[in-house]
Amino acid sequence: MGDNATHYHISSFFLIGIPGLQDFHCWIGIPVFLLFVLTLLGNSVIIVTVKLEPGLQQPTYFFLCMLAVNDMALASSTAPKMLGIFWFDAPRVVFNICLAQMYFLHTFCIIESALLVAMAFDRFVAICIPLHYTTILTTPVVVKVGAIGVIRAILMVLPSPLLIKRLPYYTKYVINHAYCEHMAVVKLASANTFINRAYGISVALSVMILDLGLIATSYIKILQAVFHLSSQNARSKALDTCAAHVCTILVSYTPALFSFLTHRIGKKVPPSVHVIFASLYLLVPPTVNPLVYGVKTKQLETK
């Protein structure tokens with residue numbers, strides 16, 4: 001533990017893993033390992049395929065590559081430490097390393113959300129104003145959109161570890177989680193954490209409300225345009241191009257919303273259930289995305 005010289009910070013945290021299921025950690029590590037490997041392989045295939053296939057050199061697939069890179073980074077920020085806990089009985093994590101993990105995983109999550117918005121806009125332009133697609137979504141515009149998403153995430157998450165660094169940590173050092181999640185770390189502080197909690201919830205709500213609002217607006221416009229098409233085949237094809245993106249949105253946001261709500265209002269939700277969902281939120285979407293997009297891309301290329 002620390003003292004005045006170390007700003008009251010304890011030197012390390014101990015990650016429990018999944019509370020109540022410690023006896024099964026060895027077995028739980030197997031699906032975590034498989035999901036991690038599939039994430040790295042699947043997203044690498046997506047990136048290489050887009051790079052090598054001339055027919056895929058277009059904005060839709062550039063955004064998909066950004067998503068693939070972010071998914072690999074997101075999984076890599078948590079899975080190795082989780083496997084260390086589950087398989088090698090290595091729960092200890094240095095205080096600053098814990099804050100770094102927390103910072104990066106929340107940053108990657110917000111980047112993921114921004115990319116889903118960008119991909120919804122891409123579908124909106126492709127379906128609603130197709131004649132202007134190549135002039136609106138040029139390569140420089142795609143790069144700028146990606147950069148804005150990254151910068152937004154970096155700036156929004158940066159205050160969180162800085163606000164935690166100012167808190168004293170005297171006695172509590174056991175985190176009932178499988179990774180260093182923001183609220184799980186904040187709850188251990190030996191001081192009033194209102195500012196941390198308020199900032200955390202304001203960031204989460206602003207990202208979810210803004211991004212889901214923009215995605216919903218895009219799809220309302222898309223549906224309006226699709227149902228004005230005279231050809232049944234044209235309607236089917238237009239909706240088909242959106243199917244993979246809709247699947248990704250559902251897979252990404254559903255466990256995220258569950259995790260967010262259980263931290264604030266789900267007092268009766270068992271800790272093990274909360275941690276499992278919070279872990280699935282970080283591990284499943286990066287694994288599923290390349291599978292969904294890979295299948296849809298192959299279907300569209302054969303049409």
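Remember, predicted model here, so these are calculated numbers, not experimental data.

### Things to note about the packing of aromatic side chains
So, step 1. A complete count under the given rule lists 8 aromatic pairs for this structure.
So, step 2. Chaining the aromatic ring pairs together yields one cluster made of Phe13, Phe95 and Tyr169.

### Concerning the sheet that holds strand S1 (residues 12-15)
So, step 1. Within the open sheet, the 3 strands sit side by side as S2-S1-S3. Their pairing is mixed. If you trace the sheet from one side to the other, it starts and ends with strand S2 (92-94) and strand S3 (174-175), each paired once.
So, step 2. In the sheet, S1 pairs with S3 via 2 bridges, with the strands oriented parallel. Its bridge partner lying in S3, Phe14 is registered against Val174.
So, step 3. Those strands touched by helix H3 (residues 95-128) are S1, S2 and S3, and its axis lies near 85 degrees from that of S2.

### Quick look at the state of the cysteines
So, step 1. On inspection of all chains with the given rule, the structure shows 1 disulfide.
So, step 2. Through a disulfide, Cys98 is tied to Cys180; the S-S separation comes to 2.0 Å. Looking down the S-S bond of the Cys98 and Cys180 bridge, the torsion is -120 degrees, so its handedness is left-handed. Here Cys98 is found in helix H3, whereas its partner Cys180 is found in the loop between S3 and helix H7 (182-186), with 82 residues between them in sequence.
So, step 3. The thiol of Cys109 is not disulfide-bonded; the next cysteine sulfur, from Cys180, is found 14 Å away.
So, step 4. Residue Cys109 is classed as buried on the basis of its relative accessible area, which comes to 11%.

### Points about unusual backbone geometry
So, step 1. Not every positive phi belongs to a glycine, and Asp89 is a case in point at roughly 50 degrees.
So, step 2. On the secondary structure map, Asp89 appears in the loop between helix H2 (59-88) and S2.
So, step 3. Classification of Asp89 as exposed rests on a relative accessible area of 66%.

### Description of the nonpolar core
So, step 1. Grouped together as the largest cluster of nonpolar side chains are 65 residues, with contacts concentrated most on Phe13, Phe86, Ile164, Tyr169, Ile175, Cys180 and Val185.
So, step 2. For this core, the secondary structure elements donating two or more residues are S1, helix H1 (25-52), H2, H3, helix H5 (139-157), H7, helix H8 (194-226) and helix H10 (271-301).
So, step 3. In terms of residue count, the dominant contributor to this core is H3 (14 residues).
So, step 4. Aside from chain neighbours lying at most four places away, what touches Val185 is Phe13, Cys98, Leu99, Ile164, Tyr169, Ile175 and Cys180.

### Some thoughts on the side chain of Asn289
So, step 1. Tracing the backbone through its elements, the reader meets Asn289 in helix H10.
So, step 2. When sequence neighbours within four positions are dropped, the list of residues in contact with Asn289 reads Leu67, Asp71, Glu112 and Thr248.

### Overview of the pairing of S1
So, step 1. As defined by bridge partners, S1 adjoins S2 across 3 bridges and the pair is classed as antiparallel. Bridge pairing links Phe14 to Arg92 in S2.

### Considering H3
So, step 1. For H3, which comprises 34 residues, the first-to-last C-alpha distance of 50 Å matches the rise-based estimate of 50 Å (1.5 Å per residue) to within 8%.
So, step 2. With 25 of 34 residues buried, H3 is to be regarded as a mostly interior element.

### Description of the packing of H2 against H3
So, step 1. Axis separation between H2 and H3 bottoms out at 9 Å; the angle between their running directions is 160 degrees. Comparing the axis directions of H2 and H3 gives the class roughly antiparallel. Handedness of the H2/H3 crossing: left-handed.

### Some words on the environment of Thr78
So, step 1. Considering the arrangement of structural elements, one finds Thr78 in helix H2.
So, step 2. We classify Thr78 as buried; its relative accessible area is 0%.
So, step 3. Separated by 205 residues in the primary sequence, Thr78 and Leu283 place their C-alpha atoms 8.5 Å from one another.
So, step 4. Excluding its chain neighbours within four sequence positions, the residues that come into contact with Thr78 are Gln101, Leu105, Tyr179, Leu282 and Leu283.

So, how was this worked out
- Going along each chain's sequence as written, the residues are numbered from 1 onward.
- Residue-level local features of this predicted model are given only where pLDDT is at least 70; pairs of side-chain atoms are given and counted only at 80 or more, and the full residue set underlies all totals for whole chains, interfaces and linings.
- As a rule here, side-chain values cover all heavy atoms of the structure and leave hydrogens and water aside.
- Two rings from Phe, Tyr or Trp (for Trp, the six-membered ring) form a pair when their centres sit within 6.5 Å of each other. Planes less than 30 degrees apart are called stacked, planes more than 60 degrees apart edge-to-face, and all others tilted.
- At least two bridges found by DSSP between two strands is the condition for calling them paired.
- What counts as a helix is a DSSP run of H or I of at least four residues, what counts as a strand is a run of E of at least two, and both are numbered from the N terminus.
- Contacts: residue pairs with any heavy atoms within 4.5 Å of one another.
- Structural elements are reduced to axes, namely lines fitted to C-alpha atoms, with helices fitted over the stretch in contact, and the angle between N-to-C directions of any two is expressed from 0 to 180 degrees.
- By definition, disulfides here are pairs of cysteine sulfur atoms that lie within 2.5 Å.
- Three exposure classes are used, based on accessible area relative to the maximum for each residue type with a 1.4 Å probe and protein chains only: buried under 20%, partly exposed in between, and exposed over 50%.
- Within this scheme, the nonpolar core is defined by two criteria: the residues are buried Ala, Val, Leu, Ile, Met, Phe, Trp, Tyr or Cys, and they are joined through side-chain atoms within 4.5 Å.
- Given a helix with a known number of residues, its expected span is that number minus one, times 1.5 Å.
- We call two directions roughly parallel when the angle between them is under 35 degrees, roughly antiparallel when it is over 145, roughly perpendicular when it lies between 65 and 115, and oblique otherwise.
- Left-handed is the label given to a crossing in which the near helix is rotated counterclockwise from the far helix by less than a right angle, and right-handed is the label when the rotation is clockwise.

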